[in-house]
Structure formats: structure tokens, C-alpha cells
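Chain by chain, the residues run as shown.
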Amino acid sequence: MTAAPEQIDVLDEAREQVLERGVGLTEAQVLKVLELPEDRVPELLALAHEVRERWCGPEVEVEGIVSLKTGGCPEDCHFCSQSGQFPSPVRSAWLDIPGLVRAARQTRDTGATEFCIVAAVRGPDKRLLSQVRDGIKAIRADGNDIQIACSLGMLTQEQVDELVAMGVHRYNHNLETARSHFPEVVTTHSWEERWDTLRMIRDAGMEVCCGGIIGMGETLAQRAEFAVQLAELEPDEVPLNFLIPNPGTPYENYPVVEGAEALRTVGAFRLALPRTILRFAGGRELTFGDLGAKQGMLGGINAIIVGNYLTNLGRPAQQDLDMLEELSMPIKALSQTL
């Protein structure tokens, strides 16, 4: 006799659907995973690791990021200490071209294949695009062949075309959270405006990097919603951040996501996005610590940001490289990304 649908275990479903066929979980299935009891988290992580190995391979992609323009952003993203609307301690500043070249060189020296140039803006103006263009030229003149990505906010079609002409191969623009929750997080622009930028990026042939932040007051149902909305976008990479309650922001008193809950989220997103680069990004040090980070790497993660983040300190890059060596996880070579 066939079991009723409600009696079928979601991890058994995932083993056949995701591991064997490479088909991501539905929203309802992701929610079931997020609701698993803590004693089943190890089972979930083991399955997520199998999925990652099956559909992405064993290599880990390493990336460094640098802020070209910090602070003073006109938008009101409630999690962000770079918003000019909040009394955070972050002040507006620009990085000069020699500093950008040094940062790219240091990132390449870690073995990283990705270097992302980030700016705290609604979207780039002519000055910013000129800085990016000059910076990329200087990085190449330095003999650095690292892949260059950008995160410069919302774009017009003309700006997308300019970035393609500069040789930017991947663009980061996070949806941040589920569509239904977005108005609680940002009021100065819409989720749909972000989606439009991502569509133009994809249509222009650049790789799409799009993720978000966990722990901004969303429900588990909204986390499941977000996972499948990302899957619909089919991004090349999903950076998974966990909220850092930065002083001066509306979220400064929000609790840090607990380790077991965060690991469930990692496993659930891997099962929703079996073929996607899933990157440990901001907040992992605070949320996971050393042991949890290793569990996450063994639970579906296959990429990390090394070094510091935009306004928050990360771990020394060598600690992450040592962790990957301890876990016998090879770093993806630059030749594999070209």
C-alpha cells in the first residue's frame, strides 16, 4: 500500500528527487526541511554534502571582496551600516586605484579565483564606472589574471553593457530576502527593481551572483519562499549571509541566528539549489564559529569569502585555507573558471 503524501519523509524525497535526479526541492518541501528537529540536522547535512559532491564536484571556490566606495548610500536597507539614513559609525570613503590593485594582488595570492569590487550606492554614476574601468585596467596591468566581479547596485541596460565591455564576468546583486518580506527590510526601492537588474545581467551573458541575509525577522515559510525564488532565477552563485546586528541600524538588537538553525538553512538551500555555487559569506564567524563552519562546509557549501567583509572583520584568510586543507577540499583553480 502506498504511503499517504504526508507520511513520506522529506529527506527520503530529497534523496530521490535532488540527489538522484538533480531537481531542487519545492517550496513546501524546503519548509519541511527547515522544520526538521535538531536531532535530524546531521542527516540533512550529510545528504546536502552528497548533493553538492554529485552536482557541483569537490572543489571550493575562494573569493575576496573589496569596497571601492564605502558608506553614504541613500537607500534604507535596514541591515546595512553603510546606509546614510542611519546613525551607524561607518563614514563615506573611496579606495584609490593603487589600493584596489594591492587588494586584488593579495586576494590572488591566497589562491582565490574571484575578486569582487563593491560600492555602497543605489546604482553607479559616471564617476564610479570610470573608477571601476580604471581599476580593472590597473589590475590587468599588474599581471593579475583573477576573475573580476562587481556589485554596484541597480543598473540600466547601458551600464550593463559597459560592464560587459570592461570584462566583468560576474555581477552580484542580492535579492536579500523573500519577495513577501522585502518591504519590511527596504522601502526606498522594490524587490522587482532588483529582479530587473538581475534579468539584464543574465541576458547580457554575465554570470549572476544573487543571495541574501538570513535572520532579518523572516518566518521559516518566507525562507522557503526565498530559496525557491532564487532557484527560479537560476543564479550561478548564491552567497548565504547571516545577519550581523550592526550598531546604528534598525536591526542592531536582532538576535544572532543560532548554529543548528543556520545549519538547517544551509542544508535546505543546497537541496533547493543542487547545481549552484553556494557561498559562505557575511556573519558566518558570528553564527557558526569554527566547528559550525566545518559542519557547513560538509553540509552543502562549496565556496567561501576569505578575509574581511565590507564593514565587518572576517577571519584571516589563512585560517580558512587551513580549514579547507583539513577537510581535504581542493581549491578551484583559476583555469577551471575560464
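About the criteria used
Residues numbered from 1 in each chain as written. Predicted model: local features only at pLDDT ≥ 70, side-chain atom pairs only at ≥ 80, totals over all residues. Heavy atoms only, no water. Axes fitted to C-alpha atoms, helices over the stretch in contact; angles between N-to-C directions. Helix = DSSP H or I, 4+ residues; strand = E, 2+ residues; numbered from the N terminus. Parallel < 35°, antiparallel > 145°, perpendicular 65-115°, else oblique. Contact = heavy atoms within 4.5 Å. Nonpolar A, V, L, I, M, F, W, Y, C, P; charged D, E, K, R; others polar. UniProt positions renumbered as here; feature names shortened; annotations may be inferred. Buried < 20%, exposed > 50% of the residue type's maximum accessible area, 1.4 Å probe, protein only. Phe/Tyr/Trp six-rings, centres within 6.5 Å; stacked < 30°, edge-to-face > 60°.

> Give me the lowdown on the packing of helix α11 (residues 284-297) against helix α12 (residues 317-326), citing residues and values where you can.
Pairs of packed helices are described in terms of their axes, by the angle between the two and the distance that separates them. Where α11 meets α12, the closest approach of the two axes is 10 Å, and the angle between their N-to-C directions is 25 degrees. When the interaxial angle is binned, α11 and α12 end up roughly parallel. Residues Arg284, Ala293, Lys294 and Met297 of α11 form the contact with α12, whose own contacting residues are Asp320, Met323, Leu324 and Glu326. Tallied by class, the residues present in the contact of α11 with α12 amount to four nonpolar, no polar and four charged.

> Quick one: what's the story with the UniProt feature "binding site: [2Fe-2S] cluster" (unreviewed entry) in the chain, residue by residue and with numbers?
Under the present numbering, the feature "binding site: [2Fe-2S] cluster" (unreviewed entry) in UniProt falls on Cys116, Cys209 and Arg279. Considering the C-alpha atoms alone, the annotated residues occupy 164 residues of sequence yet fold into one spot, their largest mutual distance being 13.4 Å. Discounting chain neighbours no more than four positions away, the residues touching Cys116 are Glu63, Gly64, Ile65, Val66, Ala149, Cys150 and Ser151. Along the polypeptide, Arg279 turns up in strand β9 (residues 277-280). The class of Arg279 is buried, set by a relative accessible area of 0%.

> Explain the packing of aromatic side chains to me, using residue names and the numbers behind them.
Following the criterion strictly, the structure yields five aromatic pairs and no others. For the ring pair Phe226 and Phe269, a centre distance of 6.1 Å and an interplane angle of 65 degrees mean the geometry is edge-to-face. With Phe226 in helix α9 (residues 220-233) and Phe269 in helix α10 (residues 259-272), the pair connects residues that are 43 residues apart, well separated along the chain. For Phe226, a relative accessible area of 2% corresponds to the buried category.

> Which residues make up unusual backbone geometry, and what values go with them?
The residue Glu176 is not glycine, and still its phi comes out positive at about 75 degrees. Tracing the backbone through its elements, the reader meets Glu176 in the loop between β5 (170-172) and α7 (182-185). Overall, the relative accessible area of 7% leaves Glu176 in the buried class. Unusually for a residue other than glycine, Ser328 sits at a positive phi of about 55 degrees. Here Ser328 falls in the exposed class, since its relative accessible area comes to 65%.

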